[in-house]
Amino acid sequence: LKMSWFWLYLPLHLLMASCLCHSIKAPTTSSQQSFKSNLFNFYHSLILADGKETTIHLLKDIPKRYYFVLEEGRALAPFSITVTPCDVPIEWSILVYKPPPGKAVPGDHDTQEVSKSHKASSMVSTIFNYKGNSVETYMGMSSHSALYLLEFLSTERDTHITVYLTTDTTSGHLYPELPGDPRIDVIGIGHTTVTLAWKHSPSVLQHSEGIQYCLLVNEKHNYKSLCAAETAIRSSGMKLPPTVALSLSPYLLEPQQVMILSNSELSIINKVSNGEVRQVCMGTKNTYTVPNLSPSTQYYFDVFIVNLLTNASAAYTGTFARTLEEPEPKVTELKDGKVVHVVLDGKKQKFYSLQYQARHKKIHFTFQLCQGQIRVHITRNGKTVASENLSGLRYFSLKGKLLDTYSVQLRSTEESNSSVKVLASPHFHKPLFPLLPESLKIKSFSKLRTCRSVTIAWLGTQEESKYCVYRKRIEEDQIWRELQSADRCSGPESRHKSEKVLCKYFYDLNLQRAVTTETIKGLEAGTLYLFDVYLFGPSGIPVRYHSKVVRTRKKC
């Protein structure tokens, strides 16, 4: 099967006009009138490339036309056309013009001859039409020379589509193949997880390299193609990397995106106005457990098989599932001035509830985050009054009525263990936690660093308080664990006595001058040290500054 574009292009349009003037009889039906009109539109059509995916942009209510020609080269020559709507439903159709028997699709030298053969009847017909937003493929077989016209129309709004024409059906496929049963099975549902499985694509079994599965999770609806999903995310007001961002390509993310890479799996979480859209690529595994979902929420799941070399993809039949309702957590009573230490197991117990009945109009809640990540949600008589992620030491001062009932729900937002200290007291009650400075960071001075000493500084407050400094020698591979797993609520009692450097008191009524420095001596050259500062308030409850890692100089 041979394609002839260049010699056909201009003469063909002259041919069409000539044929229509002399060969086609006056239309007797609206269908015939439509055929005649569409043939005239060949003059305004573009050539559709063979063997290449073409992106076509459509304006609302303005049809766009492409054509291609098949020349007679062998009997029953196959071809296929795949159209992928990337947004709203579209209308598209295929029309074919076949010259009279014994005549071929002409070149320049045939124009006059054909224009004279007005008695011969031309064959103009619509062989396919479709309206919708599904990916649709037309498989055709041509035994004669023929000219084909494709017409596309969007009646809802401006949109874009992709079209793939191929006349070579023997050397492989642009799109990865779907299995005979392309459904996604839900094989497990939990409170915050859903486990999915699907049958392997033949493309994965034949060419495992360059092919991988990508999963899209959202709370709105299923998508029939990857470009439709990307268009929906963009329309929500956010820029999205190209399709290959799903394929572990190093594209820069937008501020509304979060990328998580663990166990060779890439997750991209898009923060959009109607919730989260998660994209996860997991290589060639055909089972996946989606983590960190919200309880009692319906989610839609779509799996795409992606060819990393061509960026083409095919969509499995999407599915949906509703996570289980979270069981009612145990409720612990809060008492005035009593600190409650809550520990949450991120895998088993992710929720914890506390209750407090107000004996005063003004109430003061204090939260000290010790480990992990925790979100707090406070309600008064069933109505939300505060909800946010905790960081460091956080105070909430609330005003209500006598005997108001406050409920505090704590939720771990990660799978590792999390813990927090909680205190509820009347507004006028003396605080148990110390007054905090503007920042809990420890600063080190590179220019004052030597082989045997390090100088650090930290901020204080207007209240005289006790500060204790501790140091610990660590190795390079211990840094991440020490910084991430440190219990920020634990005091010096958890430290070895040999790690203590000094304790001191200081304050300054002028906050601009409430800064202190210390030079820690007796260190080893070229060695990593972890430095901690503990702040003690009037009640003796410590607050730990953010740990600082400093390496002494190797040579001095």
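These notes cover the structure that comes with them. (Residues numbered from 1 in each chain as written. Predicted model: local features only at pLDDT ≥ 70, side-chain atom pairs only at ≥ 80, totals over all residues. Heavy atoms only, no water.)

1. A short note on the state of the cysteines
For clarity, the cut-off: Only a pair of cysteine sulfur atoms within 2.5 Å qualifies as a disulfide here. Only runs of H or I of at least four residues qualify as helices and only runs of E of at least two qualify as strands under DSSP, and these elements are numbered from the N terminus. Only protein chains enter the accessibility calculation, which uses a 1.4 Å probe; a residue is then buried when its area is under 20% of its type maximum, exposed when over 50%, and partly exposed in between.
In this structure the tally under the stated criterion is five disulfides. Here Cys86 engages in a disulfide with Cys227; their sulfurs sit 2.1 Å apart. Disulfide Cys86-Cys227: torsion about the S-S bond near -95°, hence left-handed. Placement of Cys86 in the loop between strand E4 (77-85) and strand E5 (90-98) and of Cys227 in helix H5 (residues 226-235) is noted, with a sequence separation of 141 residues between them. Since its relative accessible area comes to 17%, Cys227 is described here as buried. The disulfide that involves Cys214 links it to Cys281, with 2.1 Å between the sulfurs. One quick way to see it: the torsion about the S-S bond of Cys214 and Cys281 is about 100°, and its sign makes the bridge right-handed. Taken as a pair, Cys214 in strand E12 (residues 211-218) and Cys281 in strand E15 (residues 275-281) lie far apart in primary sequence, 67 residues in all. Taking relative accessible area as the criterion, Cys214 reaches 1% and is therefore assigned buried. Going through the protein chain in sequence order and numbering each bonded cysteine, the pairs you get are 1-3, 2-4, 5-8, 6-10, 7-9.

2. As for empty space enclosed by the protein
Where empty space is left can be seen by rolling a probe of water-molecule size over the atoms. Our working rule: Points on a 1 Å grid over protein atoms alone make up a cavity when a 1.4 Å probe fits among them but cannot get out, and a pocket when they form an open set with protein on both sides within 12 Å along at least five of seven lines; lining residues each have an atom within 4 Å of a point. Grid points are joined across faces, edges and corners, and a volume is the space filled by probe spheres set on the points. Reported domain spans reflect what an automatic or database domain assignment gives.
Counted under the stated rule, the structure contains four cavities of 30 Å³ or more. One number sums up the size of the largest cavity: a volume of about 80 Å³. Lining the largest cavity are Gln368, Leu369, Gly392, Leu393, Leu440, Arg488, Val543, Arg544 and His546. Secondary structure elements with two or more residues in the lining of the largest cavity: strand E23 (362-371) and strand E35 (542-544). When residues are assigned to domains, the lining of the largest cavity turns out to be shared by domain 3 (331-425) and domain 4 (442-551), each giving three or more.

3. Some words on the sheet that holds strand E11 (residues 194-198)
Definition in use: The pairing criterion is simple: DSSP has to find at least two bridges between the two strands. Fitted lines through C-alpha atoms give the axes, limited to the stretch in contact for helices. The angle between two N-to-C directions lies from 0 to 180 degrees.
Read across the sheet, three strands follow the order E10-E11-E16 without closing on themselves; strand pairing throughout is antiparallel. Two strands in the sheet have a free side with no partner beyond their single neighbour: strand E10 (184-189) and strand E16 (287-290). Here the average twist between neighbouring strands, direction ignored, is 25°. Bridge count between E11 and E16: four bridges; the pairing is antiparallel. Each bridged residue has a counterpart across the sheet, and for Val194 the counterpart in E16 is Val290.

The analysis is restricted to geometry; functional conclusions fall outside its scope.
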